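What follows is the residue order along each chain.
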Amino acid sequence: MSQVTPMVQPLLLQFQQLFFLSKVVGVLPQDLTKFRHKNVLEKSRNGMIYMLGMLALYVGLYNLLIYSFSEEDRTLKATQSTLTFVIGLFLTYIGLIMMATDQVTALFNQGKLGELYERIRVVDERLYREQCLVNNSCIAKRIRIMLVMTIIFELFILLTTYIELVDYTQWLSLLWMVSAIPTFINTLDKIWFAVSLFALKERFEAINATLEDLVTEHEKFQTWLTGDADAPEPHTADSSETQPPQYDSNLEYLYKELGGIDIGSLRGSGGKNNKVAPIAHSLNSFGESIQTPRKPHQPNPNPMMNMAHESELSNATKVEEKLNNLCQVHDEICEIGKAMNGLWSYPILSLMAYGFLIFTAQLYFLYCATRAQSIPSLFRSAKNPFITVIVLVYTSGKCIYLIYLSWKTSLASKRTGISLHKCGVVADDNLLYEIVNHLSLKLLNHSVDFSACGFFTLDMETLYGVSGGITSYLIILIQFNLAAQQAKDAIQSFNSFNDTAGLVGAATEFGNESSTLYDLVTTTMMTPSNY
Amino acid sequence: MIQVMNWLSMAIGLIPLNRQQLQSNFMLDYVMMLIMPCLYLASYLGINLFHRFGLPFLDDCNSVCRLSNNLFMHLGAFLYVTVILLSLYRRKQFFVDFETRLAEIDVIIQKCRRVAELDKMRSQAVKHSVAYHFTWLFVFSVFIFALYYDSRELYLTFGEYAIIPFMVSSFPYLAGSIIQGEFIYHVSVISNRFEQINKLFEKINQEARHRHAPLTVFDIESEGKKQELKPTPAEKAAATKAIFSNEPKLADELKRQKAQPPKQEDEDELNTSDEEDDDIFDYNDGMMGENTDSTSEANLPDLFKLHDKILALSVITNGEFGPQCVPYMAACFVVSIFGIFLETKVNFIVSGKSRLLDYVTYLYVIWSFTTMVVAYIVLRLCCNANNHSKQSAMIVHEIMQKKPAFMLSNDLFYNKMKSFTLQFLHWEGYFQFNGIGLFALDYTFIFSTVSAATSYLIVLLQFDMTSILRNEGLMT
C-alpha cells in the first residue's frame, strides 16, 4: 500500500525482439516506433500496407513454387495412385490458408491487440496494489527459447530437405526456400499467443500464491497465539491480540444488524464497514507499522522474533476488501483470457486442422515412401524417416504446447476457488465465511475455458481424442493403399498374362474370349481388395 | 502384502531404497535404480545391434512371429524407458513428502476419532475383507504364472542365456505393472482416509438425527453452545465422564455470561454476541477443547481441513503417478488388441504348427490379461477414492438439511458447511484422478478404450492373413 503506485513494467517490454521479428516478416501490422518508445501496440496504416504486400508476395511465391514443382507430380498422376494424389492435392494449399488466416486476423485485430495488453497492464497494477507481484522477466527468456527453437527446427527441416531431396542443380529449386515461410509465420504468430497465455497463467498463479500466503501466515499467527497463551510472560501482546476478534464481533454485530434490516444490501453494509475499519484498526498498536514496509514476495522478514505475527485474516473487514479485489482481478483475467481466445480463435482452429491433417498425411506419405511409391512433391520430406520425425515433432509440438498451456491456465483459474476457501477455513470466522462463500460462488461462475471457435475445447482430453483419430485414419488410409496396390499388381500381372494370352490367342484364334476373361479376372481381383 | 510389493519394486529398481529417510547414503539408494535400466538397455541394444539371443533371429521364427515379437519388444522398451525415467525423476522426495503428510492427517484423524468416541471401533478398520486378500492372491498368481510361462519357454529355447531375451520380453511389463501397484497402494491409502472421514461425518449425521427431538426453548436466547453440549452426554454411555468434563465448561459459560452484560448493554443487543464467545473459545480453549468437547460436531472444522488436505495429497500422488499411467495404458491397449488379433487370425488356424509362434501369441494373451487386471484395479480404486470424497459432501448436505441443534442460533456452523460444500465444488472442477489430463481414471475410460478397441479390431480383422500363412508353409 505505497502512497505512490509506481508504474509496473508493462508486459510488452519483454516482447521487443519478437515484435521486431514479426514486424519484419509481416505477422503484425502495428507501429514499430511507437512500440519502441512507449511499449504500446498501435494501429498503423503503413504497417497494414506493408503486411498486405508481404501477404501478396508470399502467396505469389508459394504459387510459383507449386507451379514449378508440379512437373514432378505429372508422373504421380500417371502412375495412377489416386489416393495419394488426391491427398496431396487437398493439402497443397493448407499451409497457405493457415498463414493467410493468421495474417488477416492480425490485420483485423490490430486495434484490439493493443487494448488486450493494456488491460493486462491494468491488471498488473491492481495486483501490485494487492501486494502480489508478478515476475515478467522469465517471459523474455521464454520468448527467446521459443524463437531459437523455431529457427532451429525450420532451418533444419529446410536445409536437410533441400540438400537431401531437392535437385539443386537447377536454379529454380531455390524456390523451395519459400516452402518454409507459412509454417514460420504461423509459429511466430502462435508464440505471441502462447506467451500471452503463459502470462495469464502466471497472473492466476500469483493470485493463488497470495491466497496461500495468507493461509500460511495465519497458521503461523495462530501457533504464535497458542504458544503465547501458555506462557504468562507476553501478557500485553496477548491482550492486544485478543482485541481484533472482539472488534470483529463488534463489527459483525453492526453488520448483522444492517443485514437484518435489509438482507439484500449485505454488500452495501460492507461499504460501511470499510469506512469504520481504518479508524478501528489504527488503534491496533503494531498493525500498520509492520504492514507498510512488507514487500509482496517475502512474507515476513523477521519470522521468529518475539514480535507479533500479523495476520490479515484475523481482521475480517480488511481482508474482505482484499479478497474482493483479488476476485475482481481474477474475473478480469478470465475476461482477458476469453478476449484473447476470441482474437486467436480462427488461427488456432486453422492450426489445429493443419496439425491434424499434416500429421496424418506425413505418416501416410512416409508409409508410401517406404513402399517405393511416388508421393507429392511438396511432401518430399516424408522420403526420409529422420526428417519426417523432426517435422512431426515440430508440428505436434506447436499444437500440443498450446493445448497444454490452455489446459494449465484453465486449471490455475480453477485453483483460485480452492485457495480462497482455505483462507476461510483457516480463519474460522463467521464473517469471513460469509465473504468467502459469496466470492466462491462468483468464482464458480467465471471459469475460463479455451476453445477453437467453440468447436472443441483446448484441453488434454481433446488431444487424446485427436491422437485416436489420427491412428484410425492412418490405418484406414494404409488399408486403402494396400488394396489399391494389390489391385494394381493384379492388373499388371494380368496385363502381362493378357499379352501372352493375346499372342497365344492370335495364334490359336482365341482372342475374342480373352477379353471376357479379362473382365472376369479384373472384377474378381478388384472386389476382394478391401475385405 | 504391501511390503512384498515394496521389496519387489526396490529389487527391480523402481523405487529407491530407504525411501522414507531423507538423509541416507545417496549412492546406495539409487544404485539399484541404475543397475536394472543398464542391464535392460544392454540386453535390448545387444539384441537389436548384434542380432543374437533374440527370438526374431532364430531360424524357425517365421515372419508373423518376427513381427509380433518385434512389436512386443519395442513396446516394452517404450514402456520401460518412460516408466524408469519418471521414477528416477520422482526420487525420494515424493515418498518422504507423502509419508509426512499422511502422518499429519492421521494425527488429526486420531484426534477427531477420540472426540467422536469412535475409538472402540478402530479394530475393525485394520482388518481387511476377504475380497482384498482374494484380489492380492489372484494378482500374484496371475503374475507368477505369466513369468513362469515366459521364463520356461525361453529357457527351453535359449538355455542358460534365457535371461537376456527375458529382459526384453516380460520384464518391462512386470516393471510397469509394479509401478501401477505402487500407484494402487497410494490411492488405496488415500481412499481409506476418505472412508474414515466419511465415518466421522456419518457419526455427526446420526447424532444430529437423534438430537433433533430434544430441542427445547429454554436456552435459545442465551447460548447456542450449551445446547450442543448438554443433550449428548445424556444419550452417551459414558455419562459420568462427560458430566465431569462438562462441569468446568458450564462454569466457564456462566462466568462468561456474567462478564458479558456490560458489553451487551453497550451494544443494546442480546443475541449476536455469541460469535465473539465462539471466537474466544476457539482461540484460547483450543487445547482444552479436546477434553471438554465430547460431541462430535466439534470435529467439523478439523474434518473440513482434513478433507482438503487429503485432496491435496491426492493431487500430489496423481501428479507423480499419472504420467506413468499413460504409457502403461497405451501398452495395455496395444497388447490387448494384437493379442486378440493374433489369437483369432493366427492361433485358431495354425496352432501347434510352430512352437515359437504359439509362444509369442500366448505371451500376448497372457500379458494382455495381466495388464488389463492391473489397469482395472487402478481404475476401480481411483473411482472409489473419487466417490468417497464426493460422499463427504453429500453427508454434509444431509446434516445441513436436518438442521441439528448446534446449527440453530449459530450461523457459524451453517456457513462453515456451506463453505465446505462450495469448496468441494471447486475441487471437483479442479481435480480428478487422471493421466496428465489425457483421460480421467474412472470407468468412463474403460468405455472409451473398449469402443476404440472395437473399431480398431474391426479394421485389423479385415487383414487377410491366409496368404502370408500360406507363404510361411503353415497352411496348405
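Residues numbered from 1 in each chain as written. Chains lettered and ligands numbered in written order. Predicted model: local features only at pLDDT ≥ 70, side-chain atom pairs only at ≥ 80, totals over all residues. Heavy atoms only, no water.

Before we go on, may I ask you to explain the overall build of chain A in this structure?
The number of helices and strands found in chain A is 17 helices and 2 strands. Residues classed as buried in chain A amount to 51% of the 531 residues present. The contacts of chain A with a sequence gap of at least 6 include a subset with a gap of at least 24, amounting to 81%. When the accessible surface of chain A is summed, it comes to about 24,800 Å², and 65% of that surface belongs to carbon and sulfur atoms. (Helix = DSSP H or I, 4+ residues; strand = E, 2+ residues; numbered from the N terminus. Buried < 20%, exposed > 50% of the residue type's maximum accessible area, 1.4 Å probe, protein only. Contact = heavy atoms within 4.5 Å. Areas by Shrake-Rupley, 256 points an atom, 1.4 Å probe, with all protein chains shown as cover.)

Would you take a moment to explain the overall build of chain B for this structure?
Each helix and strand counted, chain B has 19 helices and 2 strands in total. Every one of the 476 residues in chain B was classed for burial, and the buried ones make up 54%. A fraction of 82% describes how many contacts in chain B between residues 6 or more apart in sequence connect residues 24 or more apart.

Which parts of the structure should I look at to understand the packing of aromatic side chains?
Here the distance between the centres and the angle between the planes together describe a pair of aromatic rings. Taken as a whole and judged by the stated rule, the model has 44 aromatic pairs over all chains. For the ring pair Phe365(A) and Phe379(A), a centre distance of 5.1 Å and an interplane angle of 40° mean the geometry is tilted. Taken as a pair, Phe365(A) in helix α13 (residues 345-370) and Phe379(A) in the loop between α13 and α14 (385-427) lie far apart in primary sequence, 14 residues in all. Of the two residues, Phe365(A) and Phe379(A), neither departs from the other in class, the shared state being buried. An aromatic cluster of three or more residues is present, and its members are Phe94(B), Phe95(B), Phe98(B), Phe183(B), Phe321(B), Phe431(B) and Phe433(B). The side chain of Arg380(A) reaches across the aromatic face of Trp176(A), ending 5.2 Å from its centre. A cation sits over an aromatic face here: Lys416(B) above Phe413(B), 4.8 Å from the ring centre. (Phe/Tyr/Trp six-rings, centres within 6.5 Å; stacked < 30°, edge-to-face > 60°. Lys NZ or Arg CZ within 6 Å of the ring centre and 35° of its normal.)

What am I meant to see in helix α6 (residues 110-129) of chain A here?
For an α-helix, 3.6 residues make a turn, and residues three or four places apart therefore share a direction. A rise of 1.5 Å per residue sets the reference length of α6(A), with its 20 residues, at 28 Å; its end C-alpha atoms lie 30 Å apart and thus fit the reference within 8%. The first or second residue beyond α6(A) is Gln131(A), which carries a positive phi of 60°. (Expected span 1.5 Å × (residues − 1).)

Looking at this structure, I do not really get the pattern of salt bridges. What am I missing?
Should their charged atoms come close, side chains of opposite charge can pair. All names here are of chain A. Enumeration over the complete set of coordinates arrives at 18 salt bridges over all chains. Between Arg203 and Asp124 there is a salt bridge, and its shortest N-O distance comes to 2.5 Å. With a gap of 79 residues between them, Arg203 in helix α8 (residues 181-230) and Asp124 in helix α6 connect regions that are remote in the sequence. A single salt-bridge network, built from bridges that share partners, covers Asp102, Asp189 and Lys190. (Salt bridge = Lys/Arg side-chain N within 4 Å of Asp/Glu carboxyl O.)

Just to check I follow, could you spell out the side chain of Gln423(B) for this structure?
Among the structural elements, Gln423(B) can be located in helix α17 (residues 411-430). A polar contact of 3.0 Å, which involves the side chain of Gln423(B), links it to the side chain of Asp308(B). (Polar contact = N/O pair within 3.5 Å; in protein donor to acceptor, adjacent residues only side chain to side chain.)

Which parts of the structure should I look at to understand the UniProt feature "transmembrane region" (unreviewed entry) in chain B?
Here, UniProt's "transmembrane region" (unreviewed entry) annotation points to residues 27-51, 71-89, 130-149, 161-185, 325-342 and 362-382 of chain B. Each end of residues 27-51 of chain B is marked by a C-alpha atom, and these two atoms are 34 Å apart; helix forms 96% of the span and strand 0%. (UniProt positions renumbered as here; feature names shortened; annotations may be inferred.)

Can you help me understand the nonpolar core in this one?
Ranked by size, the top nonpolar core spans 234 residues in total, and within it Phe15(A) and Tyr117(A) carry the most contacts. It is helix α16 (residues 355-402) of chain B that contributes the most residues to this core, 22 residues altogether. Not counting residues within four places of it along the chain, the set of residues in contact with Phe15(A) comprises Phe35(A), Tyr117(A), Ile139(A), Ile143(A), Trp192(A), Val195(A) and Ser196(A). Residues Phe153(A), Ile157(A), Leu165(A) and Ile390(A) belong to the second largest nonpolar core, which totals 7 residues. (Core = buried A, V, L, I, M, F, W, Y, C linked by side-chain atoms within 4.5 Å.)

Can you walk me through a nonpolar patch on the surface in this structure?
Residue and element names in this part refer to chain A. Where nonpolar side chains cluster on the molecular surface, the patch consists of Ile151, Leu155, Leu159, Ile163, Tyr168, Leu174 and Met177 and spans about 640 Å² of accessible area. Among the secondary structure elements, Leu159 is positioned in helix α7 (residues 137-165). Classification of Leu159 as partly exposed rests on a relative accessible area of 38%. (Patch = residues over 30% accessible without salt bridge, like charges linked within 9 Å, V, L, I, M, F, W, Y side chains within 5 Å.)

Would you take a moment to explain the confidence of the model for chain A for this structure?
When pLDDT drops low, the exact placement of atoms in the prediction is not to be read closely. Residue and element names in this part refer to chain A. For chain A, mean pLDDT is 76; residues scoring 70 or higher make up 75% of the total. Within chain A, no element has a lower average pLDDT than helix α10 (residues 266-282), which sits at 34, and none a higher one than α13, at 92. Throughout residues 231-308 the model reports pLDDT below 50, and contacts reaching past four residues in sequence, or to other chains, amount to 83 contacts. (pLDDT = per-residue confidence, 0-100.)

I'm lost on the packing of helix α3 (residues 63-90) of chain B against α16(B) in this one. Help?
The geometry of a pair of packed helices is captured by two quantities: the angle between their axes and the separation between those axes. All names here are of chain B. Running from amino to carboxyl end, α3 crosses α16 at an angle of 35°, the nearest separation of the two axes being 9 Å. Every pair of crossing elements has a handedness; the one defined by α3 and α16 is left-handed. For the pair α3 and α16, the contacting residues are Val64, Cys65, Ser68, Asn69, Leu71 and Phe72 in the first and Leu356, Leu357, Val360, Leu363, Tyr364 and Trp367 in the second. Class assignment of the residues belonging to the contact of α3 with α16 gives a composition of 10 nonpolar, 2 polar and no charged. (Axes fitted to C-alpha atoms, helices over the stretch in contact; angles between N-to-C directions. Left-handed = near helix turned anticlockwise from the far one by under 90°. Nonpolar A, V, L, I, M, F, W, Y, C, P; charged D, E, K, R; others polar.)

Is there a simple way to explain the environment of Arg415(A) in this structure?
Positionally, Arg415(A) belongs in helix α14. A relative accessible area of 16% places Arg415(A) in the buried class. Contacts of Arg415(A), omitting those with residues within four sequence positions, involve Asn208(A), Glu212(A), Lys422(A), Trp427(B) and Tyr430(B).

Would you mind going over unusual backbone geometry with me for this structure?
Negative phi characterises most residues that are not glycine, and trans characterises most peptide bonds. Residues and elements named next belong to chain A. Backbone geometry at Ala372 places phi at a positive 60°, although glycine is not the residue there. By the secondary structure assignment, Ala372 is in the loop between α13 and α14. When its relative accessible area of 71% is taken as the criterion, Ala372 is described as exposed. Of note in this structure, Cys453 is not a glycine but carries a positive phi near 55°. Inspection of the secondary structure puts Cys453 in the loop between β1 (451-452) and β2 (456-457).

Any chance you could explain the UniProt feature "transmembrane region" (unreviewed entry) in chain A here in plain terms?
Residue and element names in this part refer to chain A. Summarizing the sequence annotation, UniProt attributes the feature "transmembrane region" (unreviewed entry) to residues 49-70, 82-100, 145-163, 175-200, 346-366 and 386-405 in the numbering used throughout. With 100% helix and 0% strand, the stretch residues 49-70 has end C-alpha atoms that lie 31 Å from each other. Taken end to end, residues 82-100 comprises 89% helix and 0% strand; its first and last C-alpha atoms sit 28 Å apart.

Sorry, what's going on with the confidence of the model for chain B here?
Residues and elements named next belong to chain B. Here chain B averages 76 in pLDDT, and 76% of its residues register 70 or above. Under a pLDDT of 50 for its full length, residues 213-294 has, in the predicted model, 96 contacts with residues more than four places off or in other chains. If you check the scores for this complex, the pTM reads 0.78 and the ipTM reads 0.77.

Help me understand the packing of helix α15 (residues 300-350) of chain B against α16(B) in this model?
All names here are of chain B. The geometry of α15 relative to α16 is characterised by a closest axis approach of 7 Å and an angle of 150° between their N-to-C directions. The orientation of α15 with respect to α16, classified from their angle, is roughly antiparallel. α16 is crossed by α15, and the crossing has left-handed handedness. Across the contact of α15 with α16, the residue classes break down as 21 nonpolar, 9 polar and 2 charged. (Parallel < 35°, antiparallel > 145°, perpendicular 65-115°, else oblique.)

I'm lost on helix α6 (residues 130-158) of chain B in this one. Help?
All names here are of chain B. Taking 1.5 Å as the rise per residue, α6 with 29 residues should run 42 Å; its terminal C-alpha atoms sit 41 Å apart, in good agreement. Along α6, the residues that are buried comprise Trp136, Val139, Val142, Phe143, Ala146, Tyr149, Asp150, Glu153, Leu154 and Phe158. Once α6 ends, the next one or two residues include Gly159, with phi positive near 70°.

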